[in-house]
Amino acid sequence: MFYHLPLEHEVLLHPKYFGPNLLNTVKQKLYSEVEGTCSGKYGFVIAVTTIDNIGAGAVQPGRGFVIYPIKYKAIVFRPFKGEVLDAIITQVNKVGIFTEIGPMSCFISRHSIPSDMEFDGANPCSYKTKDEDLILQQGDDIRVRIVGTRVDAKDIFAIGSLMDDYLGLSS
Amino acid sequence: ADENASQLVFPKEFDTAETLLVSEVRLLLEHRKEQSAADADAPEFGPVFNKTLDYTQTFSKFQSRETISAVRSLLTHAHLHKFELAQLANLCPDNAEEAKALVPSLDSRDDEALEQLLDELKTHIQSQAYQQ
């Protein structure tokens with residue numbers, strides 16, 4: 001799910017940036033330091049929307065660096081267990097289907113694909129029903145339910161399932 | 001963590017956050033891209049931004065600001081949880097049965113009222129064919 005979240009970040013500024021362009025440099029550093037990052041707590045930070053407040057810079061004792069505490073808002077993407085999302089199939093093989101949902105990868109195990117669908121190893125690989133009524137292959141749009149998430153240091157990886165009604169190929 | 005979207009249990013960090021429709025994210029990211037294109041110094045966008053922009057362009061159901069605003073207004077009046085609101089707008093279920101399957105927290109809602117809401121949602125999508 002995409003959220004608009006208020007967040008906080010500290011930018012450390014080297015004295016070489018002190019000058020008329022200082023605040024602009026602080027803003028640019030905020031963008032480059034938070035956009036594209038990912039945490040288990042807030043999910044993927046896609047883009048900063050507004051900078052609400054840049055606090056007074058505090059000079060660090062013993063060093064020349066200045067810390068600017070910043071309050072900002074950003075678009076984040078955070079998957080939740082139980083949520084249904086649209087996904088694009090990126091790879092199909094006999095262990096399951098790999099998909100991408102925006103910046104995040106989601107894997108659907110063979111065992112989470114309805115049993116009436118069988119793996120077909122012929123190029124292109126796919127999962128299909130016996131009567132070939134439904135075929136899932138690379139590039140297809142599908143609806144998947146998130147059943148679990150794994151959080152790395154800087155990445156979230158989701159596990160999905162197609163077992164419920166109305167999941168799978170989007171009509 | 002103790003989270004479960006099917007029962008509307010979310011971490012408290014998200015209590016004060018607004019949910020965003022896929023269509024809204026698309027508009028915001030396209031706008032940001034335009035602003036950046038106008039600035040010669042701006043650095044390139046990374047894979048997270050680009051993948052998200054592609055995804056929202058693929059799955060966005062509503063195209064214009066006006067339609068998005070109308071959809072938000074329609075769904076807000078239905079007194080839904082902000083998660084349910086975004087899910088309905090993003091997934092646009094065809095009928096009450098599909099809506100309840102995709103968004104289980106809607107289970108206790110009256111089918112007829114839900115169908116009416118979904119029908120209105122559908123007319124917004126269809127009316128886009130007649131907009132520019």
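Residues numbered from 1 in each chain as written. Chains lettered and ligands numbered in written order. Predicted model: local features only at pLDDT ≥ 70, side-chain atom pairs only at ≥ 80, totals over all residues. Heavy atoms only, no water.

Visitor: For the overall build of chain A, give the residues involved together with the corresponding values.
Guide: A count of helices and strands for chain A gives one helix and 14 strands. Here the C-alpha radius of gyration of chain A, 22 Å, is well above what a compact globule of 171 residues would show, namely 16 Å. C-alpha extents for chain A along the principal axes are approximately 70 × 30 × 25 Å. Every one of the 171 residues in chain A was classed for burial, and the buried ones make up 44%. (Helix = DSSP H or I, 4+ residues; strand = E, 2+ residues; numbered from the N terminus. Rg over C-alpha atoms; globule rule 2.2 N^0.38 Å. Buried < 20%, exposed > 50% of the residue type's maximum accessible area, 1.4 Å probe, protein only.)

Visitor: Could you give an account of the overall build of chain B, naming the residues involved and the relevant values?
Guide: Within chain B, the secondary structure is distributed over six helices and one strand. Taken from N to C terminus, the helices and strands of chain B fall in the order β-α-α-α-α-α-α. Expressed along its principal axes, the backbone C-alpha trace of chain B runs to roughly 55 × 45 × 20 Å. Out of the 132 residues in chain B, the part that is buried amounts to 44%.

Visitor: Could you give an account of the environment of Asp119 of chain B, naming the residues involved and the relevant values?
Guide: All names here are of chain B. Positionally, Asp119 belongs in helix α6 (residues 111-127). Given the relative accessible area of 40%, Asp119 is considered partly exposed. Linking Asp119 and Leu75, residues 44 residues apart in sequence, is a C-alpha distance of 12 Å.

Visitor: How would you explain the interface of chain B and chain A if you had to name every residue and give the values?
Guide: You'll often see interface size given as the accessible area lost when the parts meet. Taken together, the 38 residues of chain B in the interface contact 39 residues of chain A. Put simply, chain B and chain A have four salt bridges between them. Residue Lys51 of chain B pairs with Glu100 of chain A through a salt bridge whose shortest N-O separation is 3.4 Å. In this structure, the connection of chain B to chain A is made through 13 residue pairs in polar contact (both at pLDDT 80 or more). Only β1 (18-20), α1 (22-38), α2 (47-59), α4 (82-91) and α5 (96-102) of chain B provide two or more residues apiece to the side of chain B that touches chain A. For the side of chain B that touches chain A, the element with the most residues is α2 of chain B, which contributes eight residues. Here the side of chain B that touches chain A is built from residues that sort into 21 nonpolar, nine polar and eight charged. Of the pairings in the sheet, the one linking strand β1 (residues 2-13) of chain A to β1 of chain B comprises three bridges and is antiparallel in character. Bridge assignment links His4 of chain A to a residue of β1 of chain B, and that residue is Glu18 of chain B. (Contact = heavy atoms within 4.5 Å. Salt bridge = Lys/Arg side-chain N within 4 Å of Asp/Glu carboxyl O. Polar contact = N/O pair within 3.5 Å; in protein donor to acceptor, adjacent residues only side chain to side chain. Nonpolar A, V, L, I, M, F, W, Y, C, P; charged D, E, K, R; others polar. Pairing = 2+ DSSP bridges.)

Visitor: Requested: an account of α6 of chain B, with residues and values cited.
Guide: All names here are of chain B. Compared with an ideal rise of 1.5 Å per residue, which puts 17 residues at 24 Å, α6 spans 24 Å between its outermost C-alpha atoms and is within 8% of the ideal. Listed in full, the buried residues belonging to α6 are Leu114, Leu117, Leu118 and Leu121. With its buried residues spanning 95° around the axis, α6 presents them on a single face. Turned more than 90 degrees away from the buried face of α6 sit Glu112 and Gln116, all of them exposed. (Expected span 1.5 Å × (residues − 1). Arc of directions from axis to C-beta.)

Visitor: Describe in detail the packing of aromatic side chains, supporting the description with residues and values.
Guide: Inspection of every chain in the model, using the stated rule, returns 11 aromatic pairs over all chains. With a centroid separation of 4.7 Å and 40° between ring planes, the pair formed by Phe98 of chain A and Phe107 of chain A is classed as tilted. We classify Phe107 of chain A as buried; its relative accessible area is 16%. When the ring of Tyr55 of chain B is compared with that of Phe59 of chain B, the centres are 4.9 Å apart and the planes differ by 55°; the resulting orientation is tilted. One end of the pair, Tyr55 of chain B, and the other, Phe59 of chain B, are both in helix α2, four residues apart, so they sit about a helical turn from each other. Its relative accessible area of 8% is what places Phe59 of chain B among the buried residues. Within the aromatic cluster, the residues linked to one another by ring pairs are Tyr3 and Phe80 of chain A together with Phe10, Phe14 and Phe83 of chain B. (Phe/Tyr/Trp six-rings, centres within 6.5 Å; stacked < 30°, edge-to-face > 60°.)

Visitor: Give me unusual backbone geometry: which residues, what numbers.
Guide: With an omega of 0°, the peptide bond running from Asn123 of chain A to Pro124 of chain A counts as cis. Looking at where Pro124 of chain A falls in the secondary structure, it is placed in the loop between β9 (117-120) and β10 (126-129). The phi dihedral of Glu132 of chain A is positive, around 60°, even though this residue is not glycine. Structurally, Glu132 of chain A can be placed in the loop between β10 and β11 (135-137). A residue is classified by how much of its surface remains accessible, and Glu132 of chain A, at 46% relative accessible area, is partly exposed. At Cys92 of chain B, a residue that is not glycine, the phi angle is positive and equals roughly 45°. Here Cys92 of chain B lies in the loop between α4 and α5.

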